[in-house]
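Observations on chain architecture
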Amino acid sequence: MRRSADVSVADQVSTVGEAGAAAVIIHHDRPGFLITQVASPIPAFTVEQAVGLELLARVGSRLEITGIPDSPYVYDLFPYYAGRVPAKIERRVEHRDLARTTAHYYGGTGRGAEVNFPHRPYDSYIIRQAQEVAIPSTRTEWTTAGDGVVWRPFTWRTAGQDGGLLGSPRSYRAGQKRTEEWFAPVMRPGVPEVLEDDDAQWGLPGFREGDAFTIMVRNMLDGGDHFSEREGEARARLYRDGEQVAERDALEGTWPAAAEPARYRLELDVQHSEPWWEQAARTRTVWGFDSRRPAEGKRELLDLLQIDYDVPAGLDGAVPARKPTRLGLRIYPQTHPNALVNAAVKVWTSHDEGASWQQARKVKQAKDGSLDVTVTHPKGAKSVSLRVEAVARDGVSIDQTVIRAFGLS
């Protein structure tokens, strides 16, 4: 049961700590959860009625508790039963039964928040409370495995739940080991690799049907393939044979296409003025492609290229300024990260947030189609901005600029 009114310190029933109280425990005055705000000058948390009464009966009004402010590990456990609920609900969980994720949270000093939503096929909605996470930090995250539960992670750049990024839905295998990177550079617009089944109808990935494009490009995609839905101030434009035909405040929805073959250009400008975004202060992405009306009733994916960046940054989102930095680049079609495109690529860098640019001279292509770029840094520079232009043999192209792509330390 949720209590509508705020709880003040006067309502406290259990004081935690020595004289001068370090914290307050407040229990509900009726059965059920107590989910509310607590107006308190000292740390406070709420518990349900049964827990509060048990504490009072066992230890009185004072209880000494010790703990770690930022645990190096966390458990997301979600017991579920197929077919029936057993008469005795008792379950012992071993590490071998769980999936293990080494999670890295990138960024400047501060506090973030995260929650991992479990979803079963018959669930219509899920309620979970987000918990704070130190940024930057690394921790081990253990999660219930099994095909019966799909997990959806959500992490915010601030403890007040600003600057949120979503992860793609996933299930885990028992014993699985994986790594996850939140807010890792380079942040830029893009389409996530793993999508939900019904995302296709909304343009994830973008397609043409009849004389209309349906497109949804996320304003921000981090190095770990997490995305924002509408973070930042954006402006999108569509050109056909050099003439502008549409303009909106996001690259999403249905856009007009001509029946006859034509050359199209999509532009997306995004600006992030919020203080918690140390990276990607401004981005500009321009896609070029040809399109003609597909066969009646047929849906064709658009030739929208994407760029994946590999930056050897520390958890502070920066690389050492005193030595050259080796960057990795991969050019690929939307949602097909392993199908690298053979393209002519040019790279420019800026150390003054786009006021001046220098073309990178050392761009090497590996056998798998990926590219290595070596960047040197002038003395006193604080950040690196990137511009990458890739043109495939069929004329499909992408030109992407990221101001403050990563920092220098």
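To keep things clear, this report deals only with the structure shown in the data block. (Residues numbered from 1 in each chain as written. Predicted model: local features only at pLDDT ≥ 70, side-chain atom pairs only at ≥ 80, totals over all residues. Heavy atoms only, no water.)

**Section: the pattern of salt bridges**
Where we set the bar: By definition, a salt bridge exists where a carboxyl oxygen of Asp or Glu is found within 4 Å of a side-chain nitrogen of Lys or Arg. Only protein chains enter the area calculation, which uses a 1.4 Å probe; residues under 20% of their type maximum are buried, those over 50% are exposed, and those in between are partly exposed.
The final tally for this structure, using the stated rule, is 30 salt bridges. The partner of Arg92 in a salt bridge is Glu94, with the nearest N and O atoms 2.8 Å apart. Using a relative accessible area of 25% as the deciding quantity, one classes Glu94 as partly exposed. The network of salt bridges with shared partners includes Arg235, Arg237, Glu247, Arg265, Glu267, Asp269 and Arg284.

**Re the sheet that holds strand S24 (residues 305-310)**
Worth spelling out the cut-off: Pairing between two strands is assigned when DSSP locates at least 2 bridges connecting them. Runs of H or I in DSSP of at least four residues are treated as helices and runs of E of at least two as strands, each being numbered from the N terminus. Only the stretch in contact is used when a helix axis is fitted, and all axes are lines through C-alpha atoms; the angle between N-to-C directions ranges over 0 to 180 degrees.
Spatially, S24-S26-S30-S29 is the arrangement adopted by the four strands of the open sheet, whose pairing is antiparallel. Either end of the sheet is taken by a strand with one partner, and the two such strands are S24 and strand S29 (363-365). Strand-to-strand twist of the sheet, defined as the mean angle between neighbouring strand axes without regard to direction, takes the value 25 degrees. Inspection of the sheet shows strand S26 (residues 325-333) paired to strand S30 (residues 371-375) by five bridges, in the antiparallel sense. By the bridge assignment, Arg326 is partnered in S30 with Thr374.

**A word on the pairing of strand S31 (residues 383-392)**
Across the ten residues of S31, seven count as buried, placing the element largely inside the fold. Pairing analysis gives eight bridges linking strand S27 (residues 343-350) to S31, with the strands arranged antiparallel. Residue Val347 lies in a different strand from S31, and its bridge partner there is Val388. Note that S31 and strand S32 (residues 397-408) share eight bridges and pair antiparallel. Bridged to Leu386 within S32 is Val402. What sits between S31 and S32 in their antiparallel hairpin is a turn of four residues, with Gly395 showing a positive phi close to 90 degrees.

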